[in-house]
Protein chains: 2
Amino acid sequence: MEYPYSFEELVECFKLLPGIGKKGAERMVYHVLSMDEDQVKRLSDALINLKKNMKYCQKCGHICEDELCDICKDTSRDQSTICIVESPRDVFAMEKLKEYNGLYHVIHGTVSIMDGKTIEDLNVMSLFDRIDENVKEVIIATNPTREGETTSLFLARLLSQYDISISRIANGLPMGSNLEYADELTLLKSLEGRKKL
Amino acid sequence: MEYPYSFEELVECFKLLPGIGKKGAERMVYHVLSMDEDQVKRLSDALINLKKNMKYCQKCGHICEDELCDICKDTSRDQSTICIVESPRDVFAMEKLKEYNGLYHVIHGTVSIMDGKTIEDLNVMSLFDRIDENVKEVIIATNPTREGETTSLFLARLLSQYDISISRIANGLPMGSNLEYADELTLLKSLEGRKKL
């Protein structure tokens, strides 16, 4: 027996979301059926409003609802350091630390041979426009994946023309983990990156 | 750092869906951000259309887009048997079997002392209207939970006034399971419900 059309259509739509399979989507549709009309309207509007209101900061590429994001607007932050990250969610992850007080630059992705994405396809040109005499350090915080590492190398090379300090976030054993269970590459990076005590 | 308003609003909406926590909701919102406007419009419309188009069958209470559901419309089905289930998803589960060819009656919930739900709050009155000389058997297929069992007892008592056969789906060990790991109640039901070979 098939589901009615509007049921099936919503199942198909929910299945497009990450981590949602057929069973999960069906469960969600049953739940929507039991929701008030107002609640469903709220969810439906929230989807449309997200696409309508959300912009990318003209300076750093982070998500925001204005021309500039809250971080770029905040003049109390250290204007001499720029941290390069792959995506807006990395900005939120860094901000949770409440440790870093500089600026960000979101490049929106990585160089990827598989997907045919080169460094020109990323939000990188606007980064060079930002580098002036005020900028002292650029921290490259792309993910320690193959794509992230490749992108990091490209960025480091392109940035070497400026008279600034370029750094890369450290790799090594995550806190609370075991040497025994660490993969070889992580252990190698951890050894290479050892610090004098 | 807080998320922009439209971001946070959609996270809150997604969190209302079953099985979606904060992390999952955030992941879904990031995904919506990367979706085409058309795709987001499709999801938003599908939500509204579900609430608008989906009705309950006037005869059996199953979900459908017309006055009557496909099962009630189908005159080739055995009109003498009615299977009582808690929810539309139970109808779909039964239909997957392709074994049962009778009709259904969806009571939409169970008797629940905790939630103050009595048998009158369920879609039960319309069941009695359906019982005429054509109906020979009513199968009570509420879930084998405390609430489902209580509801089953209520239904059996109310149905005893009619000259029809009343049955309850069997409890016992699920196929492929082990006696060793079965809970006591299931094992007891399995023993009580033993069949002559």
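As the structure is a prediction and not an experimental result, all values here were calculated from the model.

### Quick word on the nonpolar core
- Counting residues in each nonpolar core, the largest one holds 46 residues, and the members touching the most others are Phe 7 and Phe 14 of chain A together with Phe 7 and Phe 14 of chain B.
- At the level of secondary structure, the elements contributing two or more residues to this core comprise helix H1 (5-15), helix H2 (22-34) and helix H3 (37-53) of chain A together with helix H1 (5-15), helix H2 (22-34) and helix H3 (37-53) of chain B.
- Ignoring anything within four residues of it in the chain, the contact list for Phe 14 of chain A reads Ile 20, Ala 25, Met 28, Val 29 and Val 32 of chain A together with Leu 17, Leu 43 and Leu 47 of chain B.

### Things to note about the confidence of the model for chain A
Residues and elements named next belong to chain A.
- Taken residue by residue, chain A gives an average pLDDT of 92. The fraction at 70 or more is 100%.
- Within chain A, strand S4 (residues 103-106) carries the highest mean pLDDT (96), whereas helix H8 (residues 184-192) carries the lowest (86).
- Among the prediction metrics, the complex's ipTM stands at 0.80, with pTM recorded as 0.78.

### Regarding H3 of chain B
- Counted at 1.5 Å a residue, the expected span for H3 of chain B with its 17 residues is 24 Å, and the 23 Å between its end C-alpha atoms agrees.
- Those residues of H3 of chain B that sit buried are Val 40, Leu 43, Ser 44, Ala 46, Leu 47 and Leu 50 of chain B. Angular distribution of buried residues about the axis of H3 of chain B spans 150°; they occupy a single face of the element. Opposite the buried face of H3 of chain B, by more than 90 degrees, sit the exposed residues Glu 37, Asp 38 and Lys 52 of chain B.
- Those residues of H3 of chain B that are buried are in contact with H1, H2 and H3 of chain A together with H2 of chain B.

### Quick word on the sheet that holds strand S4 (residues 103-106) of chain B
All names here are of chain B.
- Overall, parallel pairing links the four strands, which are arranged S4-S3-S5-S6 in an open sheet. Strands at the two margins of the open sheet, each flanked by one partner only, are S4 and strand S6 (165-168). Taken over all neighbouring pairs, the strand axes of this sheet differ in orientation by 25° on average, direction set aside.
- Across four bridges, the pairing between strand S5 (residues 137-140) and S6 is parallel.

### Quick notes on the domain arrangement of chain A
- Each domain of chain A was delimited in the assignment, giving domain 1 (5-53) and domain 2 (56-196).
- Between the C-alpha centres of domain 1 of chain A and domain 2 of chain A there is a distance of 34 Å.

### Quick look at the interface of chain A and chain B
- Across the boundary between the two partners, chain A contributes 54 residues, which contact 54 residues of chain B.
- In this assembly, chain A packs against chain B so that about 5200 Å² is buried in total across both faces, 72% of it on carbon and sulfur atoms.
- Counting across the interface, chain A meets chain B through 11 residue pairs in polar contact (both at pLDDT 80 or more).
- Secondary structure elements with two or more residues in the side of chain A that touches chain B: H1, H2, H3, strand S2 (63-64), helix H4 (70-73) and helix H5 (88-96) of chain A.
- Here the side of chain A that touches chain B gets 14 residues from one element, more than from any other, and that element is H3 of chain A.
- The residue makeup of the side of chain A that touches chain B, split by class, is 30 nonpolar, nine polar and 15 charged.

### Some details on the pattern of salt bridges
Residue and element names in this part refer to chain A.
- For the coordinates displayed, the defined rule picks out 14 salt bridges over all chains.
- Put simply, Lys 41 and Asp 45 hold a salt bridge, and the shortest N to O gap is 2.9 Å. Separated by four residues within a single helix, Lys 41 and Asp 45 lie in helix H3, roughly one turn from each other.
- Among the salt bridges present, the one from Asp 66 reaches Lys 73, with a minimum N-O distance of 2.8 Å.

### Concerning the packing of H1 of chain A against H3 of chain B
- Interaxial distance between H1 of chain A and H3 of chain B falls to 9 Å at its minimum, and their mutual angle equals 150°. Taken together, the axes of H1 of chain A and H3 of chain B lie roughly antiparallel to each other. H3 of chain B is crossed by H1 of chain A, and the crossing has left-handed handedness. Contacts from Ser 6, Phe 7, Glu 9, Leu 10, Glu 12, Cys 13 and Phe 14 of chain A of H1 of chain A reach H3 of chain B at Arg 42, Leu 43, Ala 46, Leu 47, Asn 49, Leu 50 and Asn 53 of chain B.
- Tallied by class, the residues present in the contact of H1 of chain A with H3 of chain B amount to eight nonpolar, three polar and three charged.

### Concerning the side chain of Ser 6 of chain A
- Here Ser 6 of chain A shows up in helix H1.
- Ser 6 of chain A sits in the buried class, given a relative accessible area of 3%.
- Not counting residues up to four positions away in its chain, the partners in contact with Ser 6 of chain A are Asn 49, Leu 50, Asn 53, Met 54 and Glu 65 of chain B.

### Some words on helix H7 (residues 146-159) of chain B
Residues and elements named next belong to chain B.
- Given a rise of 1.5 Å per residue, 14 residues ought to cover 20 Å, and the 20 Å separating the end C-alpha atoms of H7 matches this to within 8%.
- Every buried residue of H7 is accounted for by Gly 148, Thr 151, Ser 152, Leu 155 and Leu 159. Looking straight down H7, one finds its buried side chains confined to an arc of 105°; they lie on one side. Exposed positions of H7 whose direction lies more than 90 degrees from the buried face are Arg 146, Leu 153 and Arg 157.
- Tucked inside the fold, the buried residues of H7 contact strand S3 (81-85), helix H6 (125-130), S5 and S6.

Scoring rules and cut-offs
- Residues numbered from 1 in each chain as written.
- Chains lettered and ligands numbered in written order.
- Predicted model: local features only at pLDDT ≥ 70, side-chain atom pairs only at ≥ 80, totals over all residues.
- Heavy atoms only, no water.
- Core = buried A, V, L, I, M, F, W, Y, C linked by side-chain atoms within 4.5 Å.
- Buried < 20%, exposed > 50% of the residue type's maximum accessible area, 1.4 Å probe, protein only.
- Helix = DSSP H or I, 4+ residues; strand = E, 2+ residues; numbered from the N terminus.
- Contact = heavy atoms within 4.5 Å.
- pLDDT = per-residue confidence, 0-100.
- Expected span 1.5 Å × (residues − 1).
- Arc of directions from axis to C-beta.
- Pairing = 2+ DSSP bridges.
- Axes fitted to C-alpha atoms, helices over the stretch in contact; angles between N-to-C directions.
- Domains from an automatic or database assignment.
- Buried area = accessible area lost by both parts, 1.4 Å probe.
- Polar contact = N/O pair within 3.5 Å; in protein donor to acceptor, adjacent residues only side chain to side chain.
- Nonpolar A, V, L, I, M, F, W, Y, C, P; charged D, E, K, R; others polar.
- Salt bridge = Lys/Arg side-chain N within 4 Å of Asp/Glu carboxyl O.
- Parallel < 35°, antiparallel > 145°, perpendicular 65-115°, else oblique.
- Left-handed = near helix turned anticlockwise from the far one by under 90°.

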